[in-house]
Amino acid sequence: MARNVENGASTDQKEEAKVPARNPGLKPLDKLVGTWKASGETTGELTYEWMEGGFFLIARGDTEQNGQRTKHIEIIGYDREANAEPADTLTSRLYTNRGDTLSYTHEIDEKGVTSWFGPKGSPAFFKARWVDDDTLTGAWEWPGGGYKLTLTRVDGGS
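One structure accompanies this document, and this report is about it. As the structure is a prediction and not an experimental result, all values here were calculated from the model.

A separate point is the overall build of the protein. Scanning the protein for helices and strands turns up one helix and 10 strands. Counting helices and strands in the order they occur from the N terminus, the protein gives α-β-β-β-β-β-β-β-β-β-β. Each of the 158 residues in the protein was classed as buried or not, and the buried ones make up 33%. Considering only contacts in the protein between residues 6 or more positions apart, those separated by 24 or more positions represent 29%.

Take a look at the structure:
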């Protein structure tokens, strides 16, 4: 149970917890902010926006692949347990309208994006490169399969 002045908290406990510095690894995610059209073997729309505070990027998607439509929300960032240091790995959790919960590990820089299904080094991964500030093209690959896609910015961002 949280304590406050009314139930006997000390002056030190009343001070607001210090917010940690934003991980510099989040900066490349700024490039994703906006609305994107997916084309190729997956079609649809994705939007990316920062959650208040700037520690997590929220992605929302409405896509179709092989005749199956999926809506999802994904939360991308560096996990940090209460009163602990942030993790040093960029991860996300994606939740679908079909009840799926998927975990990913990411690396992103000025050249492109690599996302692994599960931990880094997984045989299922997405690798994409920036064609320009408004176009990201790549493919998901896994043993025995994969698919190509291109994301084109339609609103927001740079």
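The subject of this paragraph is the sheet that holds strand S7 (residues 112-117). With antiparallel pairing, 10 strands are arranged side by side around a closed barrel as S1-S2-S3-S4-S5-S6-S7-S8-S9-S10. Adjacent strand axes in the sheet meet at a mean angle of 25° when their direction is disregarded. Here five bridges tie S7 to strand S8 (residues 125-132), and the two strands are oriented antiparallel to one another. Paired with tryptophan 116 across the two strands is phenylalanine 125, which belongs to S8.

The next subject is the packing of aromatic side chains. Here the structure, examined in full by the defined rule, presents five aromatic pairs. Measuring from ring centre to ring centre gives 5.7 Å for tyrosine 104 and phenylalanine 117, while their planes differ by 65°; the resulting arrangement is edge-to-face. One end of the pair, tyrosine 104, is in strand S6 (residues 101-108); the other, phenylalanine 117, is in strand S7, with 13 residues separating them in the sequence. Looking at tyrosine 104, the relative accessible area reads 12%, which means it is buried. Consider the rings of tryptophan 142 and tyrosine 147, whose centres lie 6.0 Å apart with planes at 70°: the pair is edge-to-face. Looking at arginine 22, its charged tip hangs above the ring of tryptophan 50, at a distance of 4.3 Å from the centre.

On to the nonpolar core, then. Formed by 24 residues in total, the largest nonpolar core has its most connected members in Leu29, Leu32, Tyr48, Ile76, Leu90, Leu136 and Leu151. Mapped by element, the contributors of at least two residues to this core are strand S1 (34-40), strand S2 (43-50), strand S3 (56-65), strand S5 (90-96), S6, S8, strand S9 (135-142) and strand S10 (145-155). With near-sequence residues (within four places) excluded, leucine 151 lies in contact with Trp36, Lys37, Ala38, Leu46, Asp134, Thr135 and Leu136.

The next thing to look at is the pairing of S7. Across the six residues that make up S7, a large majority, five, are buried. Inspection of the sheet shows S6 paired to S7 by five bridges, in the antiparallel sense. Bridging across to S7, isoleucine 108 finds its partner in valine 113. Remark: three residues form the turn of the hairpin made by S6 and S7, two consecutive strands paired antiparallel.

Turning next to the pattern of salt bridges. The tally for this structure, following the rule as stated, stands at eight salt bridges. Between arginine 22 and aspartate 30 there is a salt bridge whose closest N-O contact spans 3.8 Å. A salt bridge links lysine 120 to glutamate 107, with the shortest nitrogen-to-oxygen separation between them at 2.5 Å. One end of the pair, lysine 120, is in the loop between S7 and S8; the other, glutamate 107, is in strand S6, with 13 residues separating them in the sequence.

Cut-offs and rules
- Residues numbered from 1 in each chain as written.
- Predicted model: local features only at pLDDT ≥ 70, side-chain atom pairs only at ≥ 80, totals over all residues.
- Heavy atoms only, no water.
- Helix = DSSP H or I, 4+ residues; strand = E, 2+ residues; numbered from the N terminus.
- Buried < 20%, exposed > 50% of the residue type's maximum accessible area, 1.4 Å probe, protein only.
- Contact = heavy atoms within 4.5 Å.
- Pairing = 2+ DSSP bridges.
- Axes fitted to C-alpha atoms, helices over the stretch in contact; angles between N-to-C directions.
- Phe/Tyr/Trp six-rings, centres within 6.5 Å; stacked < 30°, edge-to-face > 60°.
- Lys NZ or Arg CZ within 6 Å of the ring centre and 35° of its normal.
- Core = buried A, V, L, I, M, F, W, Y, C linked by side-chain atoms within 4.5 Å.
- Salt bridge = Lys/Arg side-chain N within 4 Å of Asp/Glu carboxyl O.

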